[in-house]
Amino acid sequence: MITGSELLRALGLTMVHSLWEGAVITALILLVAGFFPITSARPRYAVMLSGLLLLLTAFCATFLLLYRHRLAFGITGRNGFSELYSPVYITGNSFWSLIGNFTDRFTALLEPYYPFLALCWITGFVITGIQTAGGLLFSRNMMLKDTEFADATLRLSLDRLKQMLRITQPVKIRATQRMVSPMVIGFLKPAIILPAAAVSGLSPSQLEAVIIHELAHIRRYDHLIILFQAFARQVLFFHPAVWYLNREIEHERENCCDDLVIETQNNSLNYIKALAMIQEMNLNGLEPVNALTTGNNHLLKRIKRMIRPEQKHSPFLRLTGILLFLATIGVSAMTLMISGKNPASRNLADNNKQFLALSGTETDFSMQVPDLEKNREIVSDKDSGRKKM
């Protein structure tokens, strides 16, 4: 019978395994992303998003595998979790034997604390979920509280741009007196929020560029991706790789929408001026952050990216990815090789031997194996005798 304590132990061990799994995945993502130009936001965005999906999948798959191991060992009636991770020390003074013994001792040292780690994860999961939901509701109420519908000219411009981008979903546009960056709120009924200072201070073409950027988020279904990021951050709130990938995904998402604006209007200078004016407005006031994201839009970095497109590649990122990839592959191979010395089949074989010994049916199967060499000699003697006759 599987107890709650064993499930907590499996969850705690999953947290430990997720650390090295995240290191491998992050190193691989950095290696792949380093081969794409900095100006290629779409493939970099896809790579970073794939890395986050792999992290979440690896965490869930590891927990399910450990859970299935517990089911398998529960059939034998033994303490499966302890048996599966009991230390078996390697003799010798080689490098791998020393590392293996250290890993076994470290695993044995952490084994009593796995339930505590699982309880910490449950607490963090609940707190992160409450914080995300509460922050989302608070920011939405604050935004809609001091907003008003835009004038007819702006609404007509929104309808025309929606047709140009082939967006059929109904979208509202509102203006607010708060010093905020343009943003999209809402998932089922999205609304574009524009600061009143930007509506009155930007030219019509610049204002259209800003609206196209916000419509690009709706066209790309970024609100669904933001929900996925929030869920991944809630599950893996303790993992530094998730913090890093979430931040990079948000940066590349804004870059993707910037590229769509430039492709649509074919006037990057006009859009850069609009972003510069919005950045100046944000310096004079507080810029609220979307409750489902981890940072602001980094307008200044986006402006620099469009001003200096000659920076095609990131050699530092590529070198870092290669080094991390090689290091983590070595550690992963070492971990798999060490863990392979104490597999589940060995424990099951021990159980079978003990069962046979207790039941009195254990047999020396080696006595029943025929002596093939002796049989081969008898056959050869018979053949030689026939030849003599």
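Residues numbered from 1 in each chain as written. Predicted model: local features only at pLDDT ≥ 70, side-chain atom pairs only at ≥ 80, totals over all residues. Heavy atoms only, no water.

(A) A look at the environment of L56. Tracing the backbone shows L56 in helix α2 (residues 41-76). For L56, a relative accessible area of 8% puts it in the buried group. Counting along the chain gives 186 residues from L56 to V242, while the straight-line C-alpha distance between them is 9.1 Å. With sequence-adjacent residues up to four places away left out, L56 is seen in contact with F228, F231, V235 and L236. (Helix = DSSP H or I, 4+ residues; strand = E, 2+ residues; numbered from the N terminus. Buried < 20%, exposed > 50% of the residue type's maximum accessible area, 1.4 Å probe, protein only. Contact = heavy atoms within 4.5 Å.)

(B) A look at the packing of aromatic side chains. Scanning the entire structure with this criterion turns up four aromatic pairs. Relative to F238, the ring of F59 lies with its centre 6.3 Å away and its plane at 55°, an arrangement referred to as tilted. Of this pair, F59 sits in helix α2 while F238 sits in the loop between α9 (222-235) and α10 (240-265), and the two are 179 residues apart along the sequence. Across this residue pair, the class does not change: F59 and F238 are buried. Ring centres of F237 and F238 lie 5.7 Å apart, and the angle between their planes is 85°; this geometry places the pair in the edge-to-face category. F237 sits in the partly exposed class, given a relative accessible area of 22%. Of the residues examined, F238 reaches a relative accessible area of 18% and is grouped as buried. Grouping aromatic residues by their ring pairs yields a cluster made of F59, W121, F125, F237 and F238. (Phe/Tyr/Trp six-rings, centres within 6.5 Å; stacked < 30°, edge-to-face > 60°.)

(C) Looking closely at the nonpolar core. The biggest cluster of nonpolar side chains holds 30 residues, and the ones touching the most others in it are L154, I173, I192, L194, I211 and L215. At the level of elements, α6 (152-165), β4 (191-195), α8 (204-219), α11 (268-283) and α12 (299-307) are the ones that each hand at least two residues to this core. Per element, the largest residue contribution to this core is seven residues, and it comes from α8. With near-sequence residues (within four places) excluded, L194 lies in contact with L154, I173, R174, A175, T176, P182, V199, L207, V210 and I211. M15, W121, A241 and I249 belong to the second largest nonpolar core, which has 26 residues in total. (Core = buried A, V, L, I, M, F, W, Y, C linked by side-chain atoms within 4.5 Å.)

(D) Representation of the confidence of the model for the protein chain in the model. With 63% of its residues at a pLDDT of 70 or more, the protein chain has an overall mean of 75. Within the protein chain, α9 carries the highest mean pLDDT (94), whereas helix α3 (residues 80-84) carries the lowest (45). Contacts for the low-pLDDT stretch residues 75-91, under 50 throughout, to residues beyond four places or in other chains number 43 contacts. Note on residues 351-356: pLDDT under 50 across the span, and six contacts to partners over four residues away in sequence or across chains. (pLDDT = per-residue confidence, 0-100.)

(E) The pattern of salt bridges, seen in detail. Within the structure shown, the criterion is met by seven salt bridges. For R220, the salt bridge is made with D222, and the minimal N-O distance between the two is 3.3 Å. Overall, R220 belongs to the partly exposed group, its relative accessible area being 27%. Given a relative accessible area of 2%, D222 falls into the buried group. We note a salt bridge from R302 to E254, for which the minimum N-O separation is 3.7 Å. With a gap of 48 residues between them, R302 in helix α12 and E254 in helix α10 connect regions that are remote in the sequence. Since its relative accessible area comes to 4%, R302 is described here as buried. You can call E254 buried: its relative accessible area is 10%. In the salt-bridge network here, residues are joined through shared partners; they are E254, D258 and R302. (Salt bridge = Lys/Arg side-chain N within 4 Å of Asp/Glu carboxyl O.)

(F) Summary view of the pairing of strand β2 (residues 172-176). A large share of β2 lies buried, amounting to four of its five residues. In this sheet, β2 lies alongside strand β1 (residues 147-149) in antiparallel orientation, the contact comprising three bridges. Residue pairing in the sheet places E148 in a bridge with A175 of β2. By the bridge criterion, five bridges tie β2 to β4 in an arrangement that is parallel. Opposite I173, over in β4, you have I192 as the bridge partner. (Pairing = 2+ DSSP bridges.)

(G) Representation of the packing of α8 against α10 in the model. Look at α8 against α10: their axes get within 9 Å of each other, and the N-to-C directions meet at 130°. By the angle class used here, α8 and α10 are oblique. Here the hand of the crossing between α8 and α10 comes out right-handed. Judged by residue contacts, S205, E208, A209, I212, H213, A216, H217 and R219 of α8 engage R253, E254, C257, D258, L260, V261, T264 and Q265 from α10. Here the contact of α8 with α10 is built from residues that sort into six nonpolar, five polar and five charged. (Axes fitted to C-alpha atoms, helices over the stretch in contact; angles between N-to-C directions. Parallel < 35°, antiparallel > 145°, perpendicular 65-115°, else oblique. Left-handed = near helix turned anticlockwise from the far one by under 90°. Nonpolar A, V, L, I, M, F, W, Y, C, P; charged D, E, K, R; others polar.)

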